[in-house]
Amino acid sequence: MWYDEMVRVVGRPKLVEERIMRIEIHRERCIGAGMCVLTAPDLFDQSEDDGCVVLLNPEPAPDRHEAAKQAESLCPSGTIEVVPDED
Amino acid sequence: MPDKLSTATTLPTARASGCPFDPPPELGELRQHGPISRLAFPDGHLGWVVTSQAAARTVLADRRFSSRIELIHQPIPVPGVEKIPRKTRPGSFIRMDPPEHTRYRHLLTGQFTVRRMKALEPRIEQITTEHLDAMEEHGPPVDLVPAFSLPIPSLVICELLGVPYSYREKFQKDTSTLLRLTSPPDERVAAMEAVNDLLRDLVLSKRTNPDDALISGLIRDTELNDDELVGISTLLLLAGHETTANMLALGTFALLQRPDQLAALRKDPDLIEGAVEELLRYLSIVQFGTVRAALEDVEVDGQLVKAGETVVISIPLANRDPDRFDHPEALDVTRSAAGHVAFGHGIHQCLGQQLARIEMRIGYRELFRRFPTLRLAVAPDEVPLRTDMAIYGVHHLPVAW
């Protein structure tokens, strides 16, 4: 709560070495290949209904940035996009 | 430009003797013309071949390249090809573009998730154990193809779809005919019809006697008509067993020929996941690559591919791209082979890849655990190679222990 208030007032704290990364999903492109789940099961899941991607964590901790980028690169259909958070 | 056609090479297919795991040397030489270069097709078409991993991914992910069979020129000579109907069957979405492809694929993606495939592990282990028991009981030598590598994925896909295993003999002969490059056109058409008839009977019987398997699920949950159900079932059945079967047998052959790699895998069983990826990369059993047709003019790596031209994406070359993989010619079960395109890339990437991975992990692991002294029962150059088939592998693999 104090954190939310701080973010509202001064913005998210950002360290050079601990930049926030955002994962964006273009779900309409998903073909359910499952590469993201295989690569980073803590960040991605597949829906029980249609097998398409479910984003578990849109802002992974720094130690998972590499895994997020790997999932982006291995996704066959361009569903996953990793963007540096500029907010 | 007819002068270009006369100088352009056709797709090289001859492997060097004594190198059963390496792509044809002349195919590798195409790399020197860049990531994409001109290729002559047997029907006189002048198209392209992609040789780098990056360009392969670019083309396969670009929706301006179509998978429709009627737009594609075949890079490999097929006898009587003009007599074979160039028409995509209903439900055969591997040869469709969006939005048709999307509609069918999305009906199936929920069935092939990482979680669902993982849930099949105990059953796949059981099936594997039964076949290893039978091998042990029979005693050496055993041909690993009919004893192990072919029946396991066959049984698994049959159970998944709800196809009675007794159908196996019928469809396996027809599948072979379809994959054999030298099959006469009449036999090829007849084989396709036979598989279709078999699955049409099955679909009709599932309408009256449903079970818990995939085909009955599609009947229950979707509006698909019988033609579409037959097309989907045919595609899944064919794709579901020949591919994994050949990876299991050829991968075993490769590991037996590289005792250092097998020893590393034995020492650290946790390497199996990476080893499966590496074997997929190294062996690239989709030996003639995959094909697309440009729907409009597209520039690829500085070359202009014109609308209507066919592009062959060489899976074996992409997977041995020295710009992407260090020492690509080496089998190294400890490397990260991530980014290989053995399952393709783009919207058509293999639907059953998570099943294939689990079947291979269990298959290799259990085979070498049960028979630690496994060895070839013939000289390596006596192993008959599937150079004549669309999917590479071995016809037989006699082993002893």
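Presented here is an overview of the structure given in this document.

Each value, and the rule that gives it
- Residues numbered from 1 in each chain as written.
- Chains lettered and ligands numbered in written order.
- Predicted model: local features only at pLDDT ≥ 70, side-chain atom pairs only at ≥ 80, totals over all residues.
- Heavy atoms only, no water.
- Contact = heavy atoms within 4.5 Å.
- Buried area = accessible area lost by both parts, 1.4 Å probe.
- Salt bridge = Lys/Arg side-chain N within 4 Å of Asp/Glu carboxyl O.
- Polar contact = N/O pair within 3.5 Å; in protein donor to acceptor, adjacent residues only side chain to side chain.
- Helix = DSSP H or I, 4+ residues; strand = E, 2+ residues; numbered from the N terminus.
- Nonpolar A, V, L, I, M, F, W, Y, C, P; charged D, E, K, R; others polar.
- Phe/Tyr/Trp six-rings, centres within 6.5 Å; stacked < 30°, edge-to-face > 60°.
- Buried < 20%, exposed > 50% of the residue type's maximum accessible area, 1.4 Å probe, protein only.
- Lys NZ or Arg CZ within 6 Å of the ring centre and 35° of its normal.

With 23 residues of chain A at the interface, the matching set in chain B holds 21 residues. Overall, the association of chain A and chain B removes approximately 1700 Å² of surface from exposure, summing both partners, and the carbon and sulfur fraction of that is 47%. Together, A:Ile31, A:Glu48 and A:Pro76 form the three largest contributors to the area buried by chain A at its contact with chain B, with a combined 31%. For the interface between chain A and chain B, the tally reads 3 salt bridges. A salt bridge links B:Arg116 to A:Glu48; its shortest N-O distance comes to 3.7 Å. Here chain A and chain B share 10 residue pairs in polar contact (both at pLDDT 80 or more) between them. Elements supplying a minimum of two residues to the side of chain A that touches chain B: α2 (35–39), β2 (44–46) and α3 (65–74) of chain A. Class assignment of the residues belonging to the side of chain A that touches chain B gives a composition of 10 nonpolar, 8 polar and 5 charged.

A few words on the packing of aromatic side chains. All names here are of chain B. This structure, assessed with the given rule, holds 4 aromatic pairs over all chains. Between Phe93 and Tyr104 the ring centres are 6.5 Å apart and the planes differ by 20°, which places this aromatic pair in the stacked class. Placement of the pair is Phe93 in the loop between β3 (65–66) and α4 (100–108) and Tyr104 in helix α4, with a sequence separation of 11 residues. Taken as a pair, Phe93 and Tyr104 share a single burial class, namely buried. In textbook terms, an aromatic cluster arises when at least three aromatic residues are bridged by ring pairs, as seen for Phe21, Phe253 and Tyr282. Sitting above the plane of the Tyr104 ring, Arg103 keeps its charged end 4.6 Å from the centroid. For the cation-ring pair, Arg324 lies above Phe325, with the distance from its terminal atom to the ring centre recorded as 4.8 Å.

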